[in-house]
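# Overview (structure and organization)
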Amino acid sequence: MYEGEAYAEKNPTWHEEDSPWKAGHIERMIKRNSLPHERICEVGCGTGEILLNLEKAFPAARLSGYEISPAAFDRAMRKETPNTKFYLKDLLAETDVNFDLLLVIDVIEHVEDYISFIKKLQPIATFKIFHIPLDLSAQSILRAWPIAELRRNVGHIHYFFKQSALATLEDCGYTIVDHCYTASRLELPNQAFTSRLMRLPRRLMFALEPDLAVRLLGGYSLMVVAK
């Protein structure tokens, strides 16, 4: 789906419009946890917009993006800067690479053997930031089609809720340093009508009981700092 044209045909912008929002959350997590960030790497960097936004926040950082899709890489490489470089390579096939911080942003749900993938990322950087869509909720299971659409259009083949996402990282040998919800369906641009309709009930219930709101109504993702 990613190495050919299928993903680009269904997602011609490669979700570049979401990148400032994602980069903003990453920046806050870096600052909140005082994470080292002189050398930042992103695996599955798409067209590179998250890293380019982070370069503005951390101008002294050296940023590297790895991508397996030629179409996404072609867009990214045109935007390279002296501090931000992109590579059409499998990061796991690289030797002698080490970073302060590795970004794994909306990636593991796409990877067939995500357990092995997560384990192999462990030595590449001191700290990691994962962003994981929480596709499993009571309403998504009852309605069924939202998960089916995610599989068909963007290639989500694994589905998580908060506890399963955290347990997966811990089972793969990671220590959880920090985590928080991000309101992906409430704040990202270009949301479907049903997502816009659900904004108010999601916000109201989240204000009262966050974990229950996410399990019942969905609409959130999980950002995790791990080492």
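Look a little higher up for the structure.
The text that follows walks through the structure, step by step, so that each part is easy to find. Small disclaimer: the values here were computed from a predicted structure and weren't measured.

### Focus: the sheet that holds strand β4 (residues 99–105)
- Pairing within the open sheet is mixed, and its seven strands lie in the order β3-β2-β1-β4-β5-β7-β6. Strands with a single pairing partner mark the edges of an open sheet, and in this sheet they are β3 (84–87) and β6 (176–182). Neighbour to neighbour, the strand axes of the sheet diverge by 15° on average, direction disregarded.
- Inspection of the sheet shows strand β5 (residues 125–133) paired to strand β7 (residues 221–226) by six bridges, in the antiparallel sense. Its bridge partner being in β7, Ile129 is matched across the sheet by Val225.

### Side note on the packing of helix α11 (residues 199–208) against helix α12 (residues 210–217)
- Look at α11 against α12: their axes get within 6 Å of each other, and the N-to-C directions meet at 145°. In contact with Pro201, Arg202, Met205, Phe206 and Leu208 of α11, α12 contributes Pro210, Leu212, Ala213, Val214, Leu216 and Leu217.
- Within the contact of α11 with α12, the residues separate by chemical class into 10 nonpolar, no polar and one charged.

### Quick look at the pairing of β4
- In terms of burial, β4 is a largely internal element, seven of the seven residues being buried.
- Direction of pairing for strand β1 (residues 39–43) relative to β4: parallel, over a ladder of three bridges. Each residue of the ladder has a partner; that of Ile40, found in β4, is Leu101.
- As for the winding sense of the linkage, the β-α-β connection from β4 through helix α5 (residues 114–121) to β5 is right-handed.

### Overview of the packing of aromatic side chains
- The full count for this structure, using the stated rule, is eight aromatic pairs.
- Summarising the aromatic geometry, the rings of Tyr66 and Tyr87 are spaced 5.0 Å apart at their centres and angled 25° between planes, so their arrangement reads as stacked. Of this pair, Tyr66 sits in strand β2 (residues 62–66) while Tyr87 sits in strand β3, placing them 21 residues apart in sequence.
- Seen from their ring centres, Tyr181 and Tyr220 are 6.0 Å apart, and the 65° between their planes marks the pair as edge-to-face. Of this pair, Tyr181 sits in strand β6 while Tyr220 sits in the loop between α12 and β7; the two residues are 39 residues apart in sequence, bridging distant segments of the chain.
- Through pairs of rings, three or more aromatic residues link up here, namely Tyr2, Tyr7 and Trp14.

Reading the values: rules and limits
Residues numbered from 1 in each chain as written. Predicted model: local features only at pLDDT ≥ 70, side-chain atom pairs only at ≥ 80, totals over all residues. Heavy atoms only, no water. Pairing = 2+ DSSP bridges. Helix = DSSP H or I, 4+ residues; strand = E, 2+ residues; numbered from the N terminus. Axes fitted to C-alpha atoms, helices over the stretch in contact; angles between N-to-C directions. Contact = heavy atoms within 4.5 Å. Nonpolar A, V, L, I, M, F, W, Y, C, P; charged D, E, K, R; others polar. Buried < 20%, exposed > 50% of the residue type's maximum accessible area, 1.4 Å probe, protein only. Right-handed = clockwise from strand over helix to strand, strands pointing away. Phe/Tyr/Trp six-rings, centres within 6.5 Å; stacked < 30°, edge-to-face > 60°.

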